[in-house]
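Below, each chain spelled out in residue letters.
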Amino acid sequence: VPLGLPVRIVHGTEDDRVPCGMSRRYKERADAAGDEVVLDELPGCGHFELIDPLTGAWTAVLGAFQAVAGQSSD
């Protein structure tokens, strides 16, 4: 960091493969360097729920993609 690009992170708080703390620390460092970072923490979600459109996490994942693309989630 800095990357000079906006970053959007969606991370499950119960991820046992990649701890959510890694995304928190990245956001802290990127913020300090002047980058724009949004971190969406999904309580109770693990690693794989984020890629399964049949889970409750998918709405947040889709919303993050739409936000990055500049589209409304409506």
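Our structure is the block above this text.
Nothing here was measured: the structure is a model prediction, and the numbers come from that model.

Engineer: Help me understand helix α1 (residues 20-32), please; the structure alone is not making it clear to me.
Structural biologist: For α1, built from 13 residues, the straight-helix expectation of 18 Å at 1.5 Å per residue is met to within 8% by its first-to-last C-alpha distance of 19 Å. Those residues of α1 not exposed but buried are Cys20, Gly21, Ser23 and Ala30. Looking at the buried residues of α1, the elements they touch are β1 (7-12) and β2 (37-42). Of the residues trailing α1, glycine 34 is marked for its positive phi of about 95°.

Engineer: Which parts of the structure should I look at to understand the side chain of aspartate 15?
Structural biologist: Position of aspartate 15 among the secondary structure elements: in the loop between β1 and α1. Although aspartate 15 is buried, it forms no salt bridge, and the closest oppositely charged side chain is arginine 17 at an N-O distance of 6.1 Å. In this structure the side chain of aspartate 15 is engaged in a polar contact, spanning 3.4 Å, whose partner is the side chain of histidine 11. In terms of polar contacts, aspartate 15 uses its side chain to reach the backbone amide nitrogen of valine 18, at 2.9 Å. When neighbours within four sequence positions are excluded, aspartate 15 is seen to be in contact with Cys45, Gly46 and His47.

What counts as what
- Residues numbered from 1 in each chain as written.
- Predicted model: local features only at pLDDT ≥ 70, side-chain atom pairs only at ≥ 80, totals over all residues.
- Heavy atoms only, no water.
- Helix = DSSP H or I, 4+ residues; strand = E, 2+ residues; numbered from the N terminus.
- Expected span 1.5 Å × (residues − 1).
- Buried < 20%, exposed > 50% of the residue type's maximum accessible area, 1.4 Å probe, protein only.
- Contact = heavy atoms within 4.5 Å.
- Lys, Arg positive; Asp, Glu negative; His and termini not counted.
- Salt bridge = Lys/Arg side-chain N within 4 Å of Asp/Glu carboxyl O.
- Polar contact = N/O pair within 3.5 Å; in protein donor to acceptor, adjacent residues only side chain to side chain.

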